[in-house]
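Examination of the molecular architecture
Here is what each chain is made of, one letter per residue.
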Amino acid sequence: MDLLVLLKHQSTNLRDYVFAFRDDVMRLLRASPVFGGVVVTTGLVLGFVPILLWQYFGKFIDASFASRGVGTMTTDLSHNAFIVALLDVLLIIAGAYFLQTKALSRTIASTLAVAALFATHIVALLPIEKSFIVFLAILAIGFHVARHRAALIAVSVVLVLLSISAISDILYMMTHRSMTVGSAMEYCLVILALAATSAWIAHRK
């Protein structure tokens, strides 16, 4: 019964937070459409571009093996290298602008970035690491309700151990040719990005 009350309370808090965040975004956009648009775009770039970078980096790795096998530069290799470089530039520009933001604009950008990053990375992991996704849900609740540093440290340690286990499973599948080297790299980067973002949230808390 206590768990149901807690979940209902957390659901209400989340709904209130979403509505308040929406109001903050609209207020910023009304105050300065150009500046507000740049802030929102920065958050979306920081949230959505990483998953594209991991995917194209994985394709770049596979294309590198293929090019090495035939002894020539292939179209796939040059194409994926160009996309990886372009995505890197986008992230650098967005990151540099994010560091210049303050107060409400930084809160909006960081919230959009974290929400988009978690959504895209969790979807990317669903085919292979359902247990990791379940733990992330528990982790989110743990970070939200935890009030003591010891509890946050304990949850963070479990996250690190689970990340290591998940990466080990991915390397095992790669070794037994259940996935390519590029795909293994992609999934490992996804897990590390989720773990790093969770650690950042815990540090801020």
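Predicted model, so just to flag it, every value in this text is computed and none were measured. (Residues numbered from 1 in each chain as written. Predicted model: local features only at pLDDT ≥ 70, side-chain atom pairs only at ≥ 80, totals over all residues. Heavy atoms only, no water.)

For the chain, the count of helices and strands is 7 helices and 0 strands. If you list the helices and strands of the chain from N to C, you get α-α-α-α-α-α-α. For the chain, buried positions account for 36% of its 205 residues. Counting only contacts in the chain whose residues sit at least 6 apart along the sequence, the fraction spanning at least 24 positions is 72%. (Helix = DSSP H or I, 4+ residues; strand = E, 2+ residues; numbered from the N terminus. Buried < 20%, exposed > 50% of the residue type's maximum accessible area, 1.4 Å probe, protein only. Contact = heavy atoms within 4.5 Å.)

Here we take up the nonpolar core. One finds Ile108 and Ile170 to be the most contacted residues of the largest nonpolar core, which totals 37 residues. For this core, the secondary-structure elements that each account for two or more residues are α1 (2–31), α2 (33–70), α3 (75–100), α4 (103–125), α6 (149–175) and α7 (181–204). Sort the elements by how many residues they give to this core and α4 lands first, with 9 residues. Setting aside residues no more than four positions away along its own chain, Ile108 makes contact with Phe21, Asp24, Val25, Leu28 and Val39. (Core = buried A, V, L, I, M, F, W, Y, C linked by side-chain atoms within 4.5 Å.)

On the surface, a nonpolar cluster with roughly 380 Å² of combined accessible area is contributed by Val157, Val160, Leu161 and Ile164. Structurally, the position occupied by Val157 is in helix α6. (Patch = residues over 30% accessible without salt bridge, like charges linked within 9 Å, V, L, I, M, F, W, Y side chains within 5 Å. Areas by Shrake-Rupley, 256 points an atom, 1.4 Å probe, with all protein chains shown as cover. Salt bridge = Lys/Arg side-chain N within 4 Å of Asp/Glu carboxyl O.)

Here we take up the side chain of Thr197. Within the secondary structure, Thr197 is located in helix α7. For Thr197, the side chain forms a polar contact with the main-chain oxygen of Ala193, separated by 2.8 Å. Not counting residues within four places of it along the chain, the set of residues in contact with Thr197 comprises Val114, Leu117 and Phe118. (Polar contact = N/O pair within 3.5 Å; in protein donor to acceptor, adjacent residues only side chain to side chain.)

This part takes up the packing of aromatic side chains. Under the defined criterion, the tally for this structure stands at 1 aromatic pair. Cation over ring: Lys59 sits above Tyr56, and NZ or CZ is 4.8 Å from the ring centre. The ring of Phe98 is capped by Arg106, whose NZ or CZ atom sits 5.0 Å from the centre of that ring. (Phe/Tyr/Trp six-rings, centres within 6.5 Å; stacked < 30°, edge-to-face > 60°. Lys NZ or Arg CZ within 6 Å of the ring centre and 35° of its normal.)

Our focus in this paragraph is α2. If you check α2, its first and last C-alpha atoms are 52 Å apart, about what 38 residues at 1.5 Å a residue would give, namely 56 Å. Taken as a whole, α2 carries its principal kink of about 30 degrees at Val49; the proline Pro50 stands between one and four residues after it. Gly71 lies just past α2 and shows a positive phi near 75 degrees. (Expected span 1.5 Å × (residues − 1). Bend = angle between axes of the 7 residues up to and from the residue.)

With that settled, consider the packing of α2 against α3. Following both chains from N to C, one finds α2 and α3 inclined at 150 degrees, their axes separated by 7 Å at the closest point. Regarding the angle of α2 to α3, the classification is roughly antiparallel. Helix-helix and strand crossings are classified by hand; for α2 and α3 the assignment is left-handed. Here the contact of α2 with α3 is built from residues that sort into 23 nonpolar, 6 polar and 3 charged. (Axes fitted to C-alpha atoms, helices over the stretch in contact; angles between N-to-C directions. Parallel < 35°, antiparallel > 145°, perpendicular 65-115°, else oblique. Left-handed = near helix turned anticlockwise from the far one by under 90°. Nonpolar A, V, L, I, M, F, W, Y, C, P; charged D, E, K, R; others polar.)

What follows covers unusual backbone geometry. Unusually for a residue other than glycine, Ala103 sits at a positive phi of about 50 degrees. Its location among the elements puts Ala103 in helix α4.

The contact between α3 and α4 brings their axes to 9 Å, and the two run at 145 degrees. Across the interface between the two elements, Phe98, Leu99 and Gln100 from α3 touch Arg106, Ala109 and Ser110 from α4. Among the residues forming the contact of α3 with α4, the class breakdown is 3 nonpolar, 2 polar and 1 charged.

Further remarks concern the environment of Ile122. Relative to the helices and strands, Ile122 resides in helix α4. Distance from Ile122 to Val190, taken between C-alpha atoms, is 8.5 Å for residues 68 residues apart in sequence.

Mean pLDDT over the chain stands at 78; residues scoring 70 or higher make up 77%. Of all helices and strands in the chain, the one with the weakest mean pLDDT is helix α5 (residues 130–145) (60), whereas α3 scores best (91). Every residue in residues 1–10 scores below 50 in pLDDT, and together they form 4 contacts with partners more than four places removed in sequence or on other chains. (pLDDT = per-residue confidence, 0-100.)

Okay, the side chain of Ser105 next. Counting through the fold element by element, Ser105 comes out in helix α4. If near-sequence neighbours (up to four positions away) are discounted, Ser105 is found in contact with Phe35 and Val39.

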